[in-house]
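Chain by chain, the residues run as shown.
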Amino acid sequence: MDALKEASLDNEEVREILKNTTDLRQYSRQIEKEFKDVENKSIEDYIAESQNIANLHNQINDCDDVLERMENMLMSFQSVLNNISTEITQLQRKSVSMSLQLTNRQSVKAQLSQFIEDMAVSEEMINIIMDTPVTERDFSTQLNVLNHKLSLVKELSFKESKSTSDVSDVLHKLRLKAMSKIRSYLLEQIYKFRKPMTNYQIPQNAMLKHKFFFEFILSNERHVAQEICSEYIDTMGKIYYSYFKSYSTRLTTLKFEESCTKDDLMGIEDNASKGLFAKTTSLKHKSTIFTIGKRGDILNQQLEAPIIVPHAQMKNRNTVEALFRSEQYALVDNACREYLFVTEFFMVRSAQAQDLFNQIMGKTLTLMIKNLETSIHDCFDTIAMFLCIHLIFRYQLMCHKRCVPALDKYWDSLQSVIWPRLEHVFRLNIQSIHDCDPSKFNKEMGPHYITRRYAEFSAAIVGISEHFPNELVSRLLLELQNEVECFILRMAANFPTRKDQLIYLINNYDLVLGVLMEHTRDNSKEAEAFREQLNARSAEYVEEILAPHFGGIIQFVKECEQYFDKDQPDELRKQERRSLGLVASFSANWKKSLEELNREVLLSFPSLLTGSQLLQLALGSLVQYYHRFHKLLTPNARAQLTNIHVVMVEIKKYKSNY
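Source: prediction; values computed, not measured. Throughout this document, residue positions are counted from 1 along each chain, in the order its sequence is written. In keeping with the predicted nature of the model, local features appear solely for residues at pLDDT of at least 70, side-chain atom pairs appear and are counted solely at 80 or more, and the whole-chain, interface and lining totals rest on all residues. Values shown for side chains rest on all heavy atoms present in the structure; no hydrogens or waters enter the calculation.

A. Quick look at the overall build of the chain. Of the regular secondary structure elements, the chain holds 22 helices and zero strands. Think of it in three bands: with a 1.4 Å probe and only protein chains considered, a residue is buried below 20% of the maximum accessible area for its type, exposed above 50%, and partly exposed in between. Counting all 658 residues of the chain, 40% fall into the buried class. The criterion used for residue contact is that any of the two residues' heavy atoms lie within 4.5 Å. A separation threshold of at least 6 residues defines the contact pool for the chain, and within that pool the share at least 24 residues apart is 78%. Carbon and sulfur atoms make up 53% of the accessible area of the chain, which amounts to about 38400 Å² in all. Numbering of helices and strands runs from the N terminus, with a helix taken as a DSSP run of H or I at least four residues long and a strand as a DSSP run of E at least two residues long. Areas reported here follow the Shrake-Rupley algorithm with a probe of radius 1.4 Å; residue values treat only the protein chains shown as occluding.

B. Highlighting the layout of surface pockets. Cavity and pocket criteria rest on a 1 Å grid covering protein atoms alone: a 1.4 Å probe that fits but cannot get out defines a cavity, protein on both sides within 12 Å along at least 5 of 7 lines defines an open pocket, and an atom within 4 Å of a point defines a lining residue. Grid points are joined across faces, edges and corners, and a volume is the space filled by probe spheres set on the points. In this model, the second largest pocket occupies a volume close to 540 Å³. What lines the second largest pocket is a set of 18 residues, and nearest its centre among them are M197, T198, Y200, I239 and Y243. Where the lining of the second largest pocket is concerned, the elements lending two or more residues are α9 (222–252) and α10 (320–345). Tallying contributions element by element places α9 first for the lining of the second largest pocket, with six residues. By residue class, the composition of the lining of the second largest pocket is seven nonpolar, six polar and five charged. Residue classes follow a fixed rule: Ala, Val, Leu, Ile, Met, Phe, Trp, Tyr, Cys and Pro count as nonpolar, while Asp, Glu, Lys and Arg count as charged, and any other residue, Gly among them, counts as polar.

C. A look at the confidence of the model for the chain. Each residue carries a pLDDT score, the predictor's confidence in it, ranging from 0 to 100. For the chain, the average pLDDT comes to 84, and 89% of its residues sit at 70 or higher. Scored below 50 in pLDDT, residues 272–287 shows 28 contacts in the model against residues more than four places distant or in partner chains.

D. Examining the packing of helix α20 (residues 608–632) against helix α22 (residues 644–652) more closely. The axes used here are C-alpha line fits, helices contributing only the stretch in contact, and every angle between their N-to-C directions lies in the interval 0 to 180 degrees. Interhelical geometry of α20 versus α22 gives an angle of 175° and a closest axis separation of 12 Å. The angle between the axes of α20 and α22 places the two elements in the roughly antiparallel class. Together, L619, V623, Y626 and H627 of α20 and I644, V647, M648 and I651 of α22 make up the contact between the two elements. Of the residues that constitute the contact of α20 with α22, the class distribution is seven nonpolar, one polar and no charged. Just so you know how the angles are binned, under 35 degrees is roughly parallel, over 145 roughly antiparallel, 65 to 115 roughly perpendicular, and the rest oblique.

E. Seen up close, α10. Its 26 residues give α10 an end-to-end C-alpha distance of 37 Å, which sits within 8% of 38 Å, the value for a rise of 1.5 Å per residue. Along α10, 21 of the 26 residues are buried, which leaves the element largely enclosed by surrounding structure. Backbone geometry just downstream of α10 places M347 in the positive-phi region, at approximately 55°. Each helix should span, by expectation, one fewer than its residue count multiplied by 1.5 Å.

F. Local environment of the pattern of salt bridges. By definition, a salt bridge exists where a carboxyl oxygen of Asp or Glu is found within 4 Å of a side-chain nitrogen of Lys or Arg. This model, assessed by the stated rule, comprises 18 salt bridges. E321 serves as the salt-bridge partner of R295, at 2.7 Å between the closest nitrogen and oxygen. Of this pair, R295 sits in the loop between α9 and α10 while E321 sits in helix α10, placing them 26 residues apart in sequence. By relative accessible area, which is 1% here, E321 ends up buried. Residues R337 and D333 are paired through a salt bridge, measuring 3.3 Å at the closest nitrogen-oxygen approach. With R337 and D333 both in helix α10 and four residues apart, this pair spans about one turn of that helix. Here the salt bridges share partners, and the residues they tie into one network are R295, E321 and D381.

G. Up close: the packing of aromatic side chains. Centre distance within 6.5 Å is the pairing criterion for rings of Phe, Tyr and Trp, where only the six-membered ring of Trp is used; planes under 30 degrees apart are then read as stacked, over 60 as edge-to-face, and the remainder as tilted. All chains considered together, the criterion is met by 29 aromatic pairs. When the centroid spacing of 6.0 Å and the interplanar angle of 85° are considered together, the rings of F441 and F487 count as edge-to-face. Of this pair, F441 sits in the loop between α13 (408–434) and α14 (449–464) while F487 is found in helix α15 (residues 471–492), placing the two residues 46 residues apart along the sequence. For the pair F441 and F487, a shared accessibility class is recorded, and that class is buried.

Rendered as structure tokens:
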């Protein structure tokens, strides 16, 4: 593009010259002349400046010399710098090598210093181990250090390390000295247990405070550890055995002077019973064996109450379960503490802990099982035995909460002693009711005392077993219930009239149901069974007491309702004469009949609430029959019938507030 522009400019100049000049040769000569003038002037200027040019040439040569010298100097510097770079690289390599050597030496130094420190035996450690009492804190500190050194030397000896020979003799002597002092101290603490009236928790706490002593002995001299363990087992085993043997013996003196016998079974007549009413003065603090009363508190509020102190309660007498609770709670408290102690101090777990615990407590537990076998052999107090079983359940659960499973077999052994005796006595009670002769009892329509015994007993057993149900107990309760129902029916058969029989049945069923509902859940199987019996007999009784006063109306309703249901008015009109007689009789006597009903019902039942309920049931049934009777009457008879509102007003007068 630039060449084109220059060509374009030349062409324009040519055109301008051609335009202004007519002779090109003249123009050419003119140009040449101008060139020569310029050349001459240039030569003149050059000649005029020749000296300066020569000076400039000399200066340029001088500069070249200077620059050459500088080049040589810089080349020398470059060579020096190259040498320095090489030296720096070499120094860097040496620095890395020295740093690695330093790191390795520091690592070796740390390990070697630790090793020397671990192997070296200081004068301070020797003096403390030799002279300081074992109870001092410094002794425990140095004992830990010594134990570490002994472990290290033992480990190095297997590797045939020569360094161990320098210190092994000193460490061996220190180990023997420490072992001797620790052994003496621990045996001294164990011997303190043997002193009379000693609170053995104090030496136990002292041993726990220095539990590392036994760990040191165990890791260095197992036969000494075994000696201490055996001495502890022997000492504590004798202490527990002696304590519980003495405690159990003294507890037996606090039992009631007169215990329950085979004459105290549920079906035994009052005049033959010695366990309930004989020697009243010796039993003044004892409830009947069939009533739980406040004895159930032993499973709740009194479960963890302080144990009985025999010498402080010599004048008081206690039930079987109260003595059993005190003895077992004392065992739970001591056994749990002992188990936790041996697991922590002797460093044992699981089967080893169980075995060590059994060596200490085994003889004591066997003694207590035998004592229970002896005391339960002639026990006829079923509630007491059942309470003892549930005490076992609760104390076993308590042990598990304290992480002490060591007594599980013991609890199973106690149950294996009590359950057979409980079942045997339970069946004796059932058999005693089965063998009862109703003819030997007075004909009284009130609740029978055997029924009351059953009610209280059944409520007690059901109430106790709510949290720990048992199939055997449920089966025995059902057998007892069936036997009692049969007994009540046999007793009712002694009465000549059905109404008296029903009164007797209702009184007994109502008593049982009331006691059961007071002490157990409303929906218990026993309560439901007697509620059904009571409702059935109550409905039958209502029919019986209404029959003498309103039997004609009831009979008329039952016979003629079929005609009304089948829409046979002609048949109903045929009964008009009969219905008019019934209407007239009702109108003349209904108020008097209500008074007699009220008096008869309230006199027949000792419970005002039961009597009131039966009366209301009878009056309600009467109103229903009255409505049904009213529907069956012809218009003529209906007009003569007493108005239902009048009857209702009179009935409301008998409404009870009970």
